[in-house]
Amino acid sequence: MSLTGTALLALLIALCTVVVLGTLFLWPSQVPRRPRSGVRRFMVWLARLLLIGLCQVTAIAAVAGWINDGFGLYTSWGDLLGTTGKTELTQAGGMAGPPAISARFTRGSDGIFTTYFRGHASHLAGQVRVWTPPQYDEPAYRHSRFPVVMLLHGVPGSPESWIEAGGFPHVVKALLAEDRVKPFILVLPVINPGYVDTDCSDIGPAKNATWLVKDVRGLVDYRFRTISGPRGWGLMGISTGGLCAAKLPLQYPDIFRTGVSLDPDAMAGDPDVISQPTARRLNSPLWLVRHRRPRVSLLLATSSGDRSSPPVNIEALRLAARRPTLVTALVLASGGHNWHTWQRMYPTVLPWLSARLPAPESNAATLGRPSGVPQPVRTL
């Protein structure tokens, strides 16, 4: 049973209800007062404590399930238990996993390709999921390259959160059917390999920025028909991933030209994530937008009711931006730091992002092997 969705939540609520009703019927009504009844008195109190404990545990489980279903904090049992793709990160050898040249994509029933590999540049390993639009397999697009949108999850979170809680790729299919977006490839990588969060920065052996910018992009560029160059790649992220979606285009404008940031973390950086002040400042979107001024476009979105990402957070970055950096802010009148709010933003932010990406380009001559990968592999 999935950790998110209606089935588990309904089961937890039903279990809580059954335990409460059972407690009403089974509650011991009288505690013996005679001295010889000490053992029986103890058993009655113990039974009451157990019934109260069961009510508390099932109620907490139901509430936790409801919160997790709304926020998509943990989207699989392995994610909750910390066992999904978790390997040790060391200074010397990085993480274990097959190299990109040996990475095998398996296609699921939902049409999403999944692989796990170790990056050559970062020495980190993690899961990457890829979805291609229907046009990708049509004969008319046989020699076409497609733009790419990389989706960056929150922390805690995982690539699956975009699918289980976020509604991807169905939301893209619906917008494609309405002709509101161009066909594009979706890439869903883990942003914190080994469960080490760095706000998508290179901090010590945790070179998370290099993992996303070089390793993940290099693999997808090589294995799929993508449009090369920064104009063909956009980012969209939530929470911590939202901070990354604003930071990475500012930091690597030769890799990403566009970013959409939904309810991002603090634009000045988080001392609990990057403790060293200088490293935190140099990796913060606020410092980057003031000192780099790259030719990129960013859309920052939040809601007036989001205490984790208040409007003043995104407004600070918008006011600090100077041309040619373009920053647009979107503030919903109501909402919070959850998937329900982010889904309300999709109809606005996804067409905005698509409008800044090129349409699929047909050029059979450009379908050769991109640089950076030493040996040929099959293109999907």
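Not measured: the values here are computed from a predicted model.

(A) Focus on the sheet that holds strand 2 (residues 112-118). Spatial ordering of the open sheet is given by 1-2-3-6-5-9-10-11-12, a layout of 9 strands whose pairing is mixed. In this open sheet, the two strands that pair with only one neighbour each are strand 1 (106-107) and strand 12 (326-332). Sheet topology note: the strand 3 (residues 125-131)/strand 6 (residues 185-189) ladder contains 4 bridges and is antiparallel. Pairing of V128 across the sheet is with P189, part of strand 6. Across the sheet, helix 7 (residues 240-251) is in contact with strand 5 (148-152), strand 9 (233-238), strand 10 (258-262) and strand 11 (297-303); its angle to strand 9 comes to roughly 150°.

(B) Looking closely at the pairing of strand 5. In terms of burial, strand 5 is largely enclosed, as 5 of its 5 residues are buried. Alignment of strand 5 against strand 9, held across 5 bridges, turns out to be parallel. Bridged to V149 within strand 9 is G234.

(C) Fine view of the state of the cysteines. Within this structure, the stated rule accounts for 1 disulfide. For C200, the disulfide goes to C244, at an S-S distance of 2.1 Å. Residues C200 and C244 are joined through a disulfide that is right-handed, its torsion about the S-S bond being 90°. Note that C200 is positioned in the loop between strand 6 and strand 7 (202-203) and C244 in helix 7, a separation of 44 residues in sequence. The same class applies to C200 and to C244, which are both buried. Here C16 stays free of any disulfide, with the sulfur of C55 as its closest cysteine sulfur at 7.1 Å. Note on C16: relative accessible area 16%, which makes it buried.

Reading the values: rules and limits
- Residues numbered from 1 in each chain as written.
- Predicted model: local features only at pLDDT ≥ 70, side-chain atom pairs only at ≥ 80, totals over all residues.
- Heavy atoms only, no water.
- Pairing = 2+ DSSP bridges.
- Helix = DSSP H or I, 4+ residues; strand = E, 2+ residues; numbered from the N terminus.
- Contact = heavy atoms within 4.5 Å.
- Axes fitted to C-alpha atoms, helices over the stretch in contact; angles between N-to-C directions.
- Buried < 20%, exposed > 50% of the residue type's maximum accessible area, 1.4 Å probe, protein only.
- Disulfide = S-S within 2.5 Å.

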